[in-house]
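One-letter residues, chain by chain:
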Amino acid sequence: MTFISSLSSSAVQILQQATRPLSQTEASSGTSGASLVAVANGVELPSDKEGAGPTSRANAKVSEALFKPNAPSAIEMKLHLMKRLGEEFGIKLEDHESHASFGRAIQAEINKIKMKPEGALILSAIEKKLGFDKLGFTLDEFVNAVIDPKGTDGQKIDAALKDHLGLDDEGEDKVEASRAALEALRIDDSGLYGFVNN
C-alpha cells in the first residue's frame, strides 16, 4: 500500500483551508462564497476595497476574469465599430478579403463625401452616431487604423478602446493567461489536481 504525504498534497491543503474556521473580520465581510456568487451573477456587493486584504482583492480579480468571459475586448469592440461604419456607407465587412481592403473601400466613400458641399457635416454626423467623438478619435483616424492596425492611428484607437473598456495594457493578456492556466489544470494518475506542463 502506498502512503501519500498529506503535507505535499495540494488537495489536502485546499481542503484544510476550506474547513478552517473564519476569523471575526472574514465572517463579517461575507467571504463565505456570497461574493463569488454575486460576481458570477453580475451583482456588486458593497465592500471596503481599501480594507480588503491582498488575498481578497486577488480572489475578486480572478473571479471577475473567470465569470465575465463575455465582457467585450478592444478587438471585439473595434470589429463592431467597423461593421457599424460599413453599414453607414453600405459596405459589408464580410465582402472583403481583408480589413485593409475594407478600410480602403470606406476611405474611397469618405473621399467622395468630402467632395460634396455638405460633406463635412455628413461625416461629422457619422462620427457622432458611432460615438467616435466620445471615444476620442476621428473617422479618418479609425479608417487609417483599419487599413494599418500597427500604425500610429491603430495604436491610438487601441489605446482609446482599452481606456473606454477599463483595460490596462496587460488586461486582455491577464484574462487569457488565467484561462490558459485553467485549461492546463488536470487530474493526475493519483487523483490530485495539478498543472500539465506543455
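The shown structure was predicted, so the numbers you read here are calculated from the model rather than taken from an experiment. (Residues numbered from 1 in each chain as written. Predicted model: local features only at pLDDT ≥ 70, side-chain atom pairs only at ≥ 80, totals over all residues. Heavy atoms only, no water.)

Engineer: Lay out the pattern of salt bridges in plain terms, naming residues and giving numbers.
Structural biologist: Note that side chains of opposite charge can pair when their charged atoms are close. If you walk through the whole model with that rule in mind, you get five salt bridges. Where K129 meets E88, a salt bridge forms, and the shortest distance between an N and an O atom there is 2.9 Å. Pair noted here: K129 is in helix α7 (residues 119-130) and E88 is in helix α5 (residues 74-89), with a separation of 41 residues, a long-range link. Since its relative accessible area comes to 55%, K129 is described here as exposed. E88 gets classed as partly exposed once you look at its relative accessible area, which sits at 29%. A salt bridge links K156 to E141; the shortest N-O distance between them is 2.8 Å. (Salt bridge = Lys/Arg side-chain N within 4 Å of Asp/Glu carboxyl O. Helix = DSSP H or I, 4+ residues; strand = E, 2+ residues; numbered from the N terminus. Buried < 20%, exposed > 50% of the residue type's maximum accessible area, 1.4 Å probe, protein only.)

Engineer: I'd like to hear about the layout of surface pockets, residue by residue, with values.
Structural biologist: A water-sized probe, rolled over the atoms, reveals where empty space remains. The computed volume of the second largest pocket comes to approximately 310 Å³. In this structure, the second largest pocket is lined by 14 residues; those nearest its centre are I75, K78, P149, K150 and D158. Breaking the lining of the second largest pocket down by element, the ones donating at least two residues are α5, α9 (139-147) and α10 (152-165). For the lining of the second largest pocket, the element with the most residues is α5, which contributes five residues. (1 Å grid on protein atoms, 1.4 Å probe; cavity = no way out; pocket = protein on both sides within 12 Å on 5 of 7 lines; lining within 4 Å. Points joined across faces, edges and corners; volume = space filled by probe spheres on them.)

Engineer: An account of the nonpolar core is needed here, citing residue identities and associated values.
Structural biologist: Formed by 26 residues in total, the largest nonpolar core has its most connected members in L81, L85, F89, I106, F137, F142 and L161. Within the residue set of this core, elements represented by two or more residues are α5, α6 (99-114), α7, α8 (132-135), α9 and α10. Here the element with the most residues in this core is α5; it accounts for six residues. Among all residues touching L85, those that are not within four sequence positions of it are I106, I126, L130, L139, F142 and V143. (Core = buried A, V, L, I, M, F, W, Y, C linked by side-chain atoms within 4.5 Å. Contact = heavy atoms within 4.5 Å.)

Engineer: Give me α9: which residues, what numbers.
Structural biologist: Of all the residues in α9, the buried ones are L139, E141, F142, V143, A145 and V146. On its buried face, α9 is in contact with α5, α6, α7, α8 and α10.

Engineer: Please set out the packing of aromatic side chains residue by residue, giving values where relevant.
Structural biologist: In this structure the tally under the stated criterion is three aromatic pairs. On the basis of an interplanar angle of 45 degrees and a centroid distance of 5.0 Å, the ring pair of F132 and F137 is categorised as tilted. For F132, a relative accessible area of 0% gives the class buried. The class for F137 is buried, based on a relative accessible area of 4%. Arranged with centres 5.9 Å apart and planes meeting at 15 degrees, the rings of F137 and F142 form a pair that is stacked. Given the relative accessible area of 0%, F142 is considered buried. One aromatic cluster is present, built from ring pairs that chain together F132, F137 and F142. (Phe/Tyr/Trp six-rings, centres within 6.5 Å; stacked < 30°, edge-to-face > 60°.)

Engineer: Pulling in residues and values, what's your account of the packing of α6 against α7?
Structural biologist: Two elements in contact, α6 and α7, have axes whose closest approach is 7 Å; the angle formed by their N-to-C orientations is 135 degrees. Our classification of the angle between α6 and α7 gives oblique. Where α6 approaches α7, its residues I110, I113 and K114 are matched on the opposing element by G119, I122 and L123. Its residues placed into classes, the contact of α6 with α7 shows four nonpolar, one polar and one charged. (Axes fitted to C-alpha atoms, helices over the stretch in contact; angles between N-to-C directions. Parallel < 35°, antiparallel > 145°, perpendicular 65-115°, else oblique. Nonpolar A, V, L, I, M, F, W, Y, C, P; charged D, E, K, R; others polar.)

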